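Survey of secondary and tertiary structure
Residues per chain, in single letters:
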Amino acid sequence: MTDAEELRRRARELLAAHPPADTDRLDFLRARFDAGLAWVHYPQGLGGLGAPRSLQGVVDAELQAADAPDNDPRRIGIGLGMAAPTILKYGTEEQKRRYLRPLWTGEEVWCQLFSEPGAGSDLAALGTRAVRAGEDWTVNGQKVWTSSAHIARWAILIARTDPDVPKHAGITYFICDMTDPGVEVRPLRQITGEAEFNEVFLTDVRVPDDRRLGEVGDGWRVAQTTLMNERVSIGGMALPREGGMIGPVSKTWRERPELRTHELHQRLLKLWVEAEVSRLTAERLRQQLVAGQPGYEGSGMKLAFARLNQEISGLEVELRGEEGLLYDDWTMRRPELVDFIGRDAGYRYLRSKGNSIEGGTSEILLNIVAERVLGLPAEPRTDKDVAWKDLAR
């Protein structure tokens, strides 16, 4: 299945059998998945046709031209960008068939239970415990910075199953049902006034062993697949020229000449060029994905994404002067997605502060780029061969 014309034919057959104007949105999405046109590079029966990843655009173009509904990818980005590739790589056949279809159609939203308040930027130091109890695991702990937990049905979860080995070796990866007893989601109000993030408390949560991804104790390796895909999905998103944060400030510059100064002009030119370089680099990274799994270059893209968003939003606030100090709404809400462009300059400035924390802190990503992309010597580690239970906390 490598022929673009064959994919066009299949897309047209889907449209003929399920006209978007006359078909329920969810029914259309299910039919698209079953036709192998969701992720064309996934295996047959799992939303794909085993075709090259590069041909996804052929299908997307046909369906967009027919005004076919999409699966609201921003709302289900954690499932699409992180859970799905991890399940595809490490899941059993039963797990793949159970989770991938409703994940892609958006019927089941996913969240990510990784970060913990006691671990900081050192994810491998996590303390949430999972103890084997027959065919189940009993999980206790606390997670934080959990986007979409308030609307999620499922979560990808890493927990410590062996405290007697070094921290990276005693972790196991699970799928957690967010509706199970013992799962408590609390809003975490941010500097924007909203609570798109959450804290999640796990108290004697029973997770069946058949919801484990990968081998017991191999969770850190499984989590690397999630993390690499997460950074690509954040920093390598497809954008048109002047897409993203650089768009609103460029529009203001053109439409409001009375706000211009020479100093702001020089800064805008510099950031515009950097944003365009970042956009083109992200396009190259996406093309590299056609040949295999994402590499550590995604960490560099996510690092650049955070810095640029913060610098551009700061410039926009300065450009607007007194207007930049205004804020549209401090109402406490629990939104289902982040909308940088649909809000005002004040929101963009405040929300972008989180970009250097979420998806891996910039400090950790600098180490990853230095060691795994540039090949520089690793920082000295005193905890490499120490059992997790013996680490200083």
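Note: the structure precedes this text.
Our subject in this report is the structure included herewith. As the structure is a prediction and not an experimental result, all values here were calculated from the model.

Turning next to the pattern of salt bridges. If you walk through the whole model with that rule in mind, you get 47 salt bridges. Between Glu323 and Arg320 there is a salt bridge, and its shortest N-O distance comes to 3.5 Å. On the basis of relative accessibility, which here comes to 22%, the residue Arg320 falls in the partly exposed class. One connected set of salt bridges, linked through shared partners, spans Arg256, Glu258, Glu316, Arg320, Glu323 and Arg348.

All right, on to the packing of aromatic side chains then. As enumerated under the stated definition, the model contains 11 aromatic pairs in all. Taking the centre distance of 4.3 Å and the plane angle of 25° together, the rings of Trp39 and Tyr42 count as stacked. Accessibility assignment for this pair places Trp39 and Tyr42 in one class, buried. With a centroid separation of 5.9 Å and an interplanar angle of 85°, the aromatic rings of Phe114 and Tyr173 are classed as edge-to-face. Of this pair, Phe114 sits in the loop between strand S1 (110-113) and strand S2 (129-133) while Tyr173 sits in strand S5 (residues 171-177), and the two are 59 residues apart along the sequence. Judged by relative accessible area, which is 3%, Phe114 ranks as buried.

The topology assignment puts Val40 in the loop between helix H2 (25-34) and helix H3 (56-65). With residues near it in sequence (within four places) discarded, Val40 still touches Leu7, Gly47, Gly48, Leu49, Gly50, Ala51, Pro52, Leu55, Gln56 and Val59.

Judged by nonpolar contacts, the single largest core of 53 residues is most densely connected at Trp39, Trp110 and Met178. It is helix H4 (residues 77-90) that provides the largest number of residues to this core, a total of seven residues. Within the second largest apolar cluster, 15 residues are counted, among which are Ala31, Leu49, Val59 and Ala68.

Along the polypeptide, Ala306 turns up in helix H9 (residues 297-320). Each C-alpha atom of the pair Ala306 and Asn355 lies 4.8 Å from the other, and the pair is 49 residues apart in sequence.

So, about the pairing of strand S4 (residues 154-160). Counting buried residues in S4 gives seven out of seven residues, a clear majority hidden from the surface. Burial along S4 is two-sided: Trp154, Ile156, Ile158 and Arg160 facing one way and Ala155, Leu157 and Ala159 facing the other are all buried. The sheet contact formed by S1 and S4 spans four bridges and is parallel. Bridging across to S4, Leu113 finds its partner in Leu157.

Next up on the list: helix H7 (residues 246-255). Since the α-helix advances by 3.6 residues per turn, residues separated by three or four positions end up pointing in the same direction. Taken across its 10 residues, H7 has seven buried, putting it largely inside the fold. Ile246, Gly247, Pro248, Val249, Ser250, Thr252 and Trp253 are the residues of H7 that are buried.

Definitions and limits used
Residues numbered from 1 in each chain as written. Predicted model: local features only at pLDDT ≥ 70, side-chain atom pairs only at ≥ 80, totals over all residues. Heavy atoms only, no water. Salt bridge = Lys/Arg side-chain N within 4 Å of Asp/Glu carboxyl O. Buried < 20%, exposed > 50% of the residue type's maximum accessible area, 1.4 Å probe, protein only. Phe/Tyr/Trp six-rings, centres within 6.5 Å; stacked < 30°, edge-to-face > 60°. Helix = DSSP H or I, 4+ residues; strand = E, 2+ residues; numbered from the N terminus. Contact = heavy atoms within 4.5 Å. Core = buried A, V, L, I, M, F, W, Y, C linked by side-chain atoms within 4.5 Å. Pairing = 2+ DSSP bridges.

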